[in-house]
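Below, each chain spelled out in residue letters.
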Amino acid sequence: MTPKLFHIFRNTPLGRETLLQSLYFCRSIGCLPEIYIPESTRFLMYFENDVTQVDLDGSYLTAPSTSRGHAEALVLESGLKATYLTPKNYTAHGLPDIPTHYDYMCCPRSISDLSSKIGLGHIGPRVRRIVQAARFPVLITSPVFKAWNSITIFFGGSQNALNALRLGLRIARQSGKPLNMFTQIEKGDAETYRKAVADADLLSDWERYGAEWQFFEKGSLEENLYAVAHDALLVLGAYGHGLIKDIMFGSKMERIQSTLPNNLLIAGPKYTAVKG
Amino acid sequence: MKLWRYPANWHLFRYDDRLLLICMAVVVGICAGLAAIALNRALVSVLGLLHHYRHLWWAFIMPAAGAALSSLFLEKIVNEGAGHGVPEVIYSVSRYGGLIRLRSSFSRLISSCLTIGSGGSAGPEAPVVMSGSAIGSNIARLFNLNDRQRVTLVGCGTAGAIGAIFNAPIAGMVFTMEVILGEWSAVNIIPIAIAAVTGTKVSRLLQGNNIAFSHREFQIALGDIAACVGLAICCAAVSIILTRSLRGMSRRVAVLRLPLWLKAAMGGAIVGLIGIGLPDVLGEGYHTIQHAITGDFRAGLLVATTVLAMKIVATAFTLGWGGSGGIFAPSLFIGSFVGLAYQRALTHLWPTVGWVEEGCFALLGMAGIISGILQAPLTGIFLIVEITGGYDVIVPLTIVAAVSSTACQYVEPASFYLKDLVDKGQLLRPGTDARVLADIRMGELLETDCIPVSPGMRLGEFIPILERSHRNLFPVEDGKNGRFLGIVHLDDVRPYLFKTPLYDAVVLGQLMQTQVETVGPDDDLIDVLDKMDALKKFSLPVVANQRFVGMISKATLLDRYRRELMVQTRTT
């Protein structure tokens, strides 16, 4: 079946940019958008071992009478065929259950906090929770629609990074766009990272689809991020460490997302990568 | 992988998880017991604090303020809907393997404390059930337990909470199995019993071994037992009135375009006004129940009936308008007054008969209403036995509970907790058809080995495709845009198979069936199966966005159904 991307439509100019980004992503990799036009500011997502209540900010309910029309106009312009989700099940009155069987989901950086909607800000707690619990990767869009012309994978050698590499290879295959890899060397040398890729049986795929693998031994991560193309889709694994370690030292994903305004495709720890 | 987060993988528990569940049940029972005690203590404090102001003229505002604050807390702070929460627990158990939000472990405790403490007519038991269940669910989530184990811990939370709040472990266990889980399985019953006992023990340690309603000896004669049938019918009638009042009130209030807190405040104010004339109807009402049991409620039949009717009205206004709390305590209150009024009516009608004391009928009435409204007779029986500390009324209790729940079922096939879920088709009890089908996804059943053909294909071109295909159905797709146009069935082709001159004259567009019933990939399998039965079809094409994605057949579905049933009914 054609893969599906789940998008929650916000009937505002910011929501329009986000939907444009989702539609571009769908067109690039050949998946279909499923759009949810919320009727209340909260819904539940039941994952395999977690339930997340998403509390949307009030702007998602702006001018409900025009929401569907606005979304349909953007979909029509993109030439895609979208489906519109109508929740079937409700945990309580006004609290619909949203399915979680999608292949991708699109989120702005925060869906419950208006204050960080324009600036890069931080990734909101609900989006984090979705990333941590979901089996699908989450597309976190740039504030303004921007076409991406290449893919850059952030590879740090961990299991999550390998999942991100698998995901990046899949996106590269489906979209036909050039694939690059970025590694900030923290332990060993470049060979250590190559070996990790080889051990995961991904080296031949990388050699086939990959264009350039940049290694950075010197300088901080933030300094080196300038080397990432401005029009690249960033693919990275997230939340590989425990909560305490992330709080103490900061998550690498947070540092990347707060420095680069690019679109991000994040594979969480539960993401089940399609091999090959 | 952090080993402590995955105890099911420990060598000790890997092959048999019963010991793991017992250990977890103790933890969940303690936490649920503490939650129940926290609510109990908080309620006592709030009731004590506001007691001095109850006689003042403006006291009717207190239930309004409490209900409004409760609603604001649920809506604005924890972002949860109102209601007592038990249907949410049942829904989560039946559909999502017992996944419940962490915030539910404390939200209803606070909101119900505000509602009941201020005088709202509701009970603390359902919020405690919600809290205990959420605790069990989140402990299971923390330790990465599977769905079956999580459901057991949700049950443990419920049993621990009910056991602690009523000091009634057996009632906690029975309520869990009868109402929350809807199944009696050997795997569940031991951890749930342990959690119920643990929760009760925690309560006894911190609050003392107090029986909720002090026990009295009753001399029950044969005539009293015969009279129980009449009481059971009365209880069933009142249960139905209570159920319909609560649901009807909620439906009517839902259409009012007012802020939720304002609705709750309005409902609370009406309850406060009722409370000026009849203070007995305010709060959970255990004190008044005690009076009914001990025979200290001196007012006559008319007053007793009025109190009973007003309690129903007050409960409907409290819960229907957005207050937070459960129906357990109001049901006990109403039941005790049904019994009391019934006994007084019997005494008026047959003054020469030596009827048993009205306290006994009050107890029987409590069991009758609990059994009727929850349609859970065992819960009614064991709850009354445990909270009164005596088994001497077990025979009439059983009669009243059984007759009341059966009579209710005739009129209202689903209990108060299950009615909404049944109406929406969301109640998936273990071992039922709907439950098995709910756990199978359409994607698992899709048969994608059909060879698509185009409407312009000549019969001669189709013959080689027919030769290599294992199927007798061929989806016809538009060659340009891939749109699904119809189906060519082998039977449609068979008349032409041996007429070779027609091979170049006939195209599949002439043979295909265009009026084809299809299903979507997101359709519920129970609907798909119903559709197959209605159309007398053994397979249907699955179409998404006007494109053919595969076939779904009854044979594959039933094969997968059988395997899923085996998984769901496996004991360990």
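Going along each chain's sequence as written, the residues are numbered from 1 onward. Here chains are named by letter from A upward and ligands by number from 1 upward, in the order in which they appear as written. Since the coordinates come from a predicted model, pLDDT governs what is reported: local features require at least 70, and pairs of side-chain atoms require 80 or more to be given and counted, while whole-chain, interface and lining totals use all residues. Hydrogens are left out, water is left out, and the side-chain values use all remaining heavy atoms of the structure.

Colleague: How would you summarise the domain arrangement of chain A if you had to cite specific residues and measurements?
Modeller: All names here are of chain A. Examined at the domain level, chain A breaks down into domain 1 (4–140) and domain 2 (150–267). Reported buried area values correspond to the accessible surface (1.4 Å probe) lost by two parts on association, with both partners' losses combined. Counting each side, the surface lost to burial between domain 1 and domain 2 is near 1700 Å², with a carbon and sulfur contribution of 55%. One speaks of a salt bridge when a side-chain nitrogen belonging to Lys or Arg is within 4 Å of a carboxyl oxygen belonging to Asp or Glu. Along the contact surface separating domain 1 from domain 2 lie 0 salt bridges. Contacts described as polar in this section are N or O atom pairs within 3.5 Å, which, within protein, must combine one atom able to donate a hydrogen with one able to accept it, while residues neighboring in sequence count only if both atoms come from side chains. Linking domain 1 with domain 2 are 3 residue pairs in polar contact (both at pLDDT 80 or more), by the criterion used here. Note on conventions: DSSP H or I runs of at least 4 residues are helices, E runs of at least 2 residues are strands, and numbering of each starts at the N terminus. Looking at the side of domain 1 that touches domain 2, the elements that each hand over two or more residues are α1 (13–29), α3 (125–133) and β9 (138–140). The dominant element in the side of domain 1 that touches domain 2, judged by the number of residues it contributes, is α1, at 5 residues. Under the scheme applied here, ten amino acids are nonpolar (Ala, Val, Leu, Ile, Met, Phe, Trp, Tyr, Cys and Pro), four are charged (Asp, Glu, Lys and Arg), and all others, including Gly, are polar. Looking at the side of domain 1 that touches domain 2 residue by residue, the class counts come to 11 nonpolar, 5 polar and 2 charged. The domain boundaries here were taken from an automatic or database domain assignment.

Colleague: Any chance you could break down the interface of chain A and chain B for me, citing the residues and the numbers?
Modeller: Whether two residues are in contact is decided by their heavy atoms, any of which lying within 4.5 Å being enough. With 28 residues of chain A in contact, the opposing surface of chain B contributes 30 residues. Summing the contributions of chain A and of chain B, the shared interface buries around 2400 Å²; its carbon and sulfur component is 45%. Connecting chain A to chain B are 4 salt bridges. Between D50(A) and R141(B) there is a salt bridge, with the nearest N and O atoms lying 3.4 Å from each other.

Colleague: Can you lay out the packing of aromatic side chains for me, pointing to particular residues and giving the numbers?
Modeller: Aromatic pairs are defined between Phe, Tyr and Trp rings, using the six-membered ring for Trp, whenever the two ring centres lie within 6.5 Å; interplanar angles under 30 degrees are classed as stacked, those over 60 as edge-to-face, and all others as tilted. Counted under the stated rule, the structure contains 26 aromatic pairs over all chains. Where Y24(A) meets F145(A), the ring centres are 5.9 Å apart and the plane angle is 65°; that geometry is what we call edge-to-face. Note that Y24(A) is positioned in helix α1 and F145(A) in the loop between β9 and β10 (150–154), a separation of 121 residues in sequence. Exposure classes here rest on a 1.4 Å probe applied to the protein chains alone. A residue is buried below 20% of its type maximum, exposed above 50%, and partly exposed in between. Residue classification places Y24(A) among the buried positions, given a relative accessible area of 10%. For F145(A), a relative accessible area of 30% translates into the label partly exposed. Within the aromatic cluster, the residues linked to one another by ring pairs are Y24(A), F25(A), Y104(A), F145(A) and W148(A). Put simply, a charge is over a ring when the Lys NZ or the Arg CZ is close to the ring centre, within 6 Å, and near the line of the ring normal, within 35 degrees. Its end group placed over the ring of F333(B), K311(B) keeps NZ or CZ at 4.7 Å from the ring centre.

Colleague: Could you give an account of the sheet that holds β10(A), with specific residues and numbers?
Modeller: All names here are of chain A. The sheet built from 10 strands is open, its strands ordered β5-β2-β1-β8-β9-β14-β13-β10-β11-β12 with mixed pairing. Two strands lie at the open edges of the sheet, namely β5 (83–84) and β12 (210–216), each paired on one side alone. Here, strands pair whenever DSSP counts at least two bridges between them. Direction of pairing for strand β1 (residues 4–8) relative to strand β8 (residues 104–107): parallel, over a ladder of 3 bridges. Its bridge partner being in β8, L5 is matched across the sheet by Y104. To define axes, lines are fitted to C-alpha atoms, for helices over the stretch in contact only, and angles between the resulting N-to-C directions are given on a 0 to 180 degree scale. The sheet contacts of helix α4 (residues 159–175) involve β8, β10, β11 (179–184), β13 (232–237) and β14 (264–267), and relative to β10 the element is tilted by about 170°.

Colleague: An account of unusual backbone geometry is requested, with residue identities and associated values reported.
Modeller: Residue and element names in this part refer to chain B. Non-glycine residue Q375 carries a positive phi angle of around 50°. Tracing the sequence through the fold places Q375 in the loop between α15 (358–374) and α16 (377–388). Residue K536 is not a glycine yet carries a positive backbone phi of 55°. One can find K536 in the loop between α24 (525–535) and β3 (539–544). Overall, K536 belongs to the exposed group, its relative accessible area being 72%.

Colleague: Give me the lowdown on the side chain of T288(B), citing residues and values where you can.
Modeller: Residue and element names in this part refer to chain B. Along the chain, T288 falls in helix α12 (residues 286–294). According to the relative accessible area criterion, T288 is buried, its value standing at 7%. The residues touching T288, leaving out its near neighbours within four places in the chain, are D280, F333 and F337.

Colleague: Mind laying out the pairing of strand β2 (residues 32–36) of chain A, listing which residues take part and the relevant values?
Modeller: Residue and element names in this part refer to chain A. Across the 5 residues that make up β2, a large majority, 5, are buried. On β2, burial covers both faces: L32, E34 and Y36 on one face and P33 and I35 on the other are all buried. Handedness is read with the strands pointing away from the viewer; a crossover is right-handed when the path from the first strand over the helix to the second is clockwise. At this point the chain moves from β1, through α1, to the parallel β2, and the crossover so formed is right-handed. Two strands pair when backbone bridges link them, and β2 and β5 are joined in this way by 2 bridges, in the parallel orientation. Its bridge partner lying in β5, I35 is registered against Y84.

Colleague: How would you explain the domain arrangement of chain B if you had to name every residue and give the values?
Modeller: Assigned domains of chain B: these are domain 1 (3–212), domain 2 (222–423) and domain 3 (434–569). When each unit is reduced to the centre of its C-alpha atoms, the spacing between domain 2 of chain B and domain 3 of chain B is 56 Å.

Colleague: Describe the pattern of salt bridges, with residues and values.
Modeller: All names here are of chain B. The full count for this structure, using the stated rule, is 31 salt bridges over all chains. A salt bridge links D491 to R494; the shortest N-O distance between them is 2.5 Å. With a closest N to O distance of 3.6 Å, R560 and E564 form a salt bridge. On the criterion of helical spacing, the pair formed by R560 and E564 is a turn pair, its members being 4 residues apart in helix α25 (residues 554–569).

Colleague: Provide a residue-level description of the packing of helix α11 (residues 260–277) of chain B against helix α13 (residues 301–320) of chain B, including the pertinent values.
Modeller: All names here are of chain B. Two elements in contact, α11 and α13, have axes separated by 8 Å at closest approach and are oriented at 160°. Compared by their axis directions, α11 and α13 come out roughly antiparallel. For the pair α11 and α13, the crossing hand works out as left-handed. Taking contact as the criterion, the partners of G267, I270, V271 and I274 in α11 are, on α13, M310, V313, A314, F317 and T318. Counted by class, the contact of α11 with α13 contains 7 nonpolar, 2 polar and no charged residues. Roughly parallel refers to an angle under 35 degrees, roughly antiparallel to one over 145, roughly perpendicular to one between 65 and 115, and oblique to any angle outside these ranges. Left-handed describes a crossing in which the near helix is turned anticlockwise from the far one by less than a right angle; the clockwise case is right-handed.

Colleague: Residue-level account of the state of the cysteines, with values.
Modeller: Cysteine sulfur atoms that come within 2.5 Å of each other are treated as a disulfide pair. Applying the stated criterion across every chain, the model contains 0 disulfides over all chains. Note on C31(A): no disulfide assigned, nearest cysteine sulfur contributed by C26(A) at a separation of 3.5 Å. Residue C23(B) stays outside any disulfide, its sulfur separated by 11 Å from that of C156(B), the closest cysteine.

Colleague: If you had to explain the packing of helix α2 (residues 18–51) of chain B against helix α6 (residues 125–142) of chain B to someone new, which residues and values would you point to?
Modeller: Residues and elements named next belong to chain B. Orientation of α2 relative to α6, taken along the N-to-C sense of each, is 145°, at an axis distance of 9 Å. Along this stretch, α2 crosses α6, giving a crossing that reads as right-handed. Between α2 and α6, the contacting residues are M24, V27, V28, C31, A32, A35, A36 and L39 on the first element and P127, V128, S131, G132, I135, G136 and I139 on the second. When its residues are assigned to classes, the contact of α2 with α6 shows 12 nonpolar, 3 polar and no charged.

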